[in-house]
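Here is what each chain is made of, one letter per residue.
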Amino acid sequence: MTAVSTHVPVSGRKNRDRAVSRLRSVGTPVVVAAALLADYLWVQSMQLDSIEQRTLNSGYLVARTTEHLELTVIATVLIMAIAVPLGIVASRVRARWVPPVLLGLANIGQATPAIGVLVLLTILYGPGFGVAMTSLVAYSALPVLRNTLVGIQQVDRSLIEAARGMGMKPAQILLRIELPLAVPVILAGLRTALVFCVGVATLATFVNAGGLGDIIVNGIKLDRTAVLVTGSVVTASIALLVDWAGGLAEQALRPKGI
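Predicted model, so just to flag it, every value in this text is computed and none were measured. (Residues numbered from 1 in each chain as written. Predicted model: local features only at pLDDT ≥ 70, side-chain atom pairs only at ≥ 80, totals over all residues. Heavy atoms only, no water.)

## Describing the environment of Val31
Where we set the bar: Secondary structure counts use DSSP, requiring at least four H or I residues in a row for a helix and at least two E residues in a row for a strand, with both numbered from the N terminus. The cut-offs for exposure are 20% and 50% of the maximum accessible area for each residue type, with area from a 1.4 Å probe on protein chains only; residues under the lower value are buried, those over the upper are exposed, and the others partly exposed.
Along the polypeptide, Val31 turns up in helix H1 (residues 10-44). When its relative accessible area of 51% is taken as the criterion, Val31 is described as exposed.

Right under this line is the structure:
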């Protein structure tokens, strides 16, 4: 009896992977657009009272969404400016206790409930944008810090030794070899941090920093289901789109051959 081979040619696997990648790249925007359209049609079919009309209008929604994106973008820039250099430093020091200490501090920031950090900072410094930003950075920095450290440490040592043999200095090795090869891992951590920022930014409403949390809290306090659902759908849509954009950036910036 002749055995039937189940081996899939390499070219076939590559084509299949490309097809799956294209489907994913198109699927997320389609799902988000469908969810936003469904919410819009549902709200339009309702007879809104004066309270709902003050919240569910284009001006208010755009303003809150813009504030939410500002919180997310600024927090992400600060996280990259803090966590990536710390990860590089941690990968360079010879003292073995330094990386666990840095990761432990970042773990504390993420393990502590974000609302608790907001409350403590508000008691100390009062409400405001800075308090919300501090909480966002503290809560979301761990994935970038950890992935920067891991990404650099997993670079093949033989490549580094070869670069040293060619006369490259440590800074050149870092910038030309280690960081480029660590980019996919760092970007994976950044995607996670971005999604965290989008979610935690909804709590900024409790310290008068705006964002889509204003809409969600208004829906809860005023018992308006349409307001609550709309705020939640827009927030979830932003999180999905941010993760989708991060995936595209990760593919585009991935070094060839990886």
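## Some details on the environment of Val183
One can find Val183 in helix H8 (residues 170-200). Measuring from C-alpha to C-alpha, the distance between Val183 and Ile152 comes to 9.0 Å, with 31 residues separating the pair along the chain.

## Observations concerning the packing of H8 against helix H10 (residues 225-253)
We apply this condition: With axes taken as lines fitted to C-alpha atoms, and helix axes fitted only over the stretch in contact, angles between N-to-C directions fall between 0 and 180 degrees. Angle categories are assigned with fixed cut-offs, so that under 35 degrees is roughly parallel, over 145 is roughly antiparallel, 65 to 115 is roughly perpendicular, and the rest are oblique. Contacts are assigned to residue pairs that have any heavy atoms within 4.5 Å of one another.
Where H8 meets H10, the axes come as close as 9 Å, and the angle between the chain directions of the two elements is 170°. Accordingly, the angle class assigned to the pair H8 and H10 is roughly antiparallel. In this structure, H8 uses Val183, Pro184, Leu187, Ala188, Arg191, Leu194, Val195 and Val198 to contact H10, whose residues at the interface are Thr235, Ile238, Ala239, Val242, Asp243, Gly246, Gly247, Ala249, Glu250 and Leu253.

## Describing the UniProt feature "transmembrane region" (unreviewed entry) in the protein chain
Inclusion rule: UniProt positions are given in the numbering used here, feature names are shortened, and annotations may be inferred rather than shown by experiment.
In the numbering used here, UniProt assigns the "transmembrane region" (unreviewed entry) feature to residues 23-43, 71-90, 102-125, 131-152, 173-206 and 226-246. As annotated, residues 102-125 has a helix share of 92% and a strand share of 0%, and its two end C-alpha atoms lie 25 Å apart. Along residues 131-152, the helical share is 100% and the strand share 0%, with 32 Å between the first and last C-alpha atoms.

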